Amino acid sequence: MGNSALKSHLETSQKTGVFQLTEKGLQEFPEELQRLTANLRTVDLSGNKIEVLPAAVGKFLQLKSLSVNSNRLTCLPPEISQLKKLETLSLNGNRIQVLPPGLGQLKALRTLSLSGNQISEFPSGLGSLRNLDLLDLSRNKIHNVPVEVAELQAIEINLNQNQISILSPEISRCPRLKVLRLEENCLELSSIPLSILKESQVSLFSVEGNLFEVKKLRDLDGYDQYMERFTATKKKFA
């Protein structure tokens, strides 16, 4: 991309607080953006070939939304934890394997989207994200949802298209969880914790494409309680 085109983008961004440069073949995070650390509220660099987010990303203290979907990232810099105003972090379609421990410091975060990466372990340390509405970990390589999941404050957790065969009953203790998506995993009927049906807040439990027929859920203790929540929610939005 020519310097003049980038320059005009930067000038516009200085006024609007929005920098969007998608599908331009960028191989690195534009260094020139660092001049706008005080202005930018939204950065979208999706559909490029960026392999590394620089440590300087931590200087964008006004940033509310960062989208780097469909790039070539393999990890995130620890400095990302400095973005205290960040509400949306969207990193779908990269090659990320693990998340930095400091991600739990992003207290304003509402949406954390990591679909289509190479994450093999359920991320820990996200329980401190009190405002989290959506955690999207679909299309990864996760096998096990551990006990620590109980700390999550998310309203929706999307785990579709992983390799999950073990689901901790503690997931039913997530205080705000309403939507739990587990389609196309490796769950047996016996792996479904009854507490999700009986005791949780979950009103949409999506398990198509596992190692059992969905209609068999009806035989489980607690299915009636789950259906009451499901129906009540449907009525509310009808």
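Anything mentioned here points back to the structure above.
Let me begin by describing the structure that accompanies this report.

Calculation criteria
- Residues numbered from 1 in each chain as written.
- Predicted model: local features only at pLDDT ≥ 70, side-chain atom pairs only at ≥ 80, totals over all residues.
- Heavy atoms only, no water.
- Helix = DSSP H or I, 4+ residues; strand = E, 2+ residues; numbered from the N terminus.
- Buried < 20%, exposed > 50% of the residue type's maximum accessible area, 1.4 Å probe, protein only.
- Phe/Tyr/Trp six-rings, centres within 6.5 Å; stacked < 30°, edge-to-face > 60°.

Notably, serine 70 is not glycine yet its phi reads approximately 50°, a positive angle. Relative to the assigned elements, serine 70 resides in the loop between strand 3 (65–67) and strand 4 (88–90). A positive phi is found at glutamate 184, a non-glycine position, where the angle reads about 55°. Along the chain, glutamate 184 falls in the loop between strand 10 (179–181) and helix 2 (194–198).

Looking now at the environment of threonine 12. For threonine 12, the position within the fold is in helix 1 (residues 3–16). For threonine 12, a relative accessible area of 45% translates into the label partly exposed. Taking C-alpha positions, threonine 12 is 22 Å from glutamate 87, a pair spaced 75 residues apart along the chain.

What follows is about the packing of aromatic side chains. Within this structure, the stated rule accounts for four aromatic pairs. Taking the centre distance of 6.1 Å and the plane angle of 55° together, the rings of tyrosine 223 and tyrosine 226 count as tilted. Of the two residues, tyrosine 223 and tyrosine 226 are both situated in helix 3 (residues 223–237); the distance of three residues between them amounts to about one turn of the helix. Residue tyrosine 223 is classed as buried on the basis of its relative accessible area of 16%. Taking relative accessible area as the criterion, tyrosine 226 reaches 5% and is therefore assigned buried. Taken together, Phe205, Tyr223, Tyr226 and Phe230 form an aromatic cluster joined through their ring pairs.

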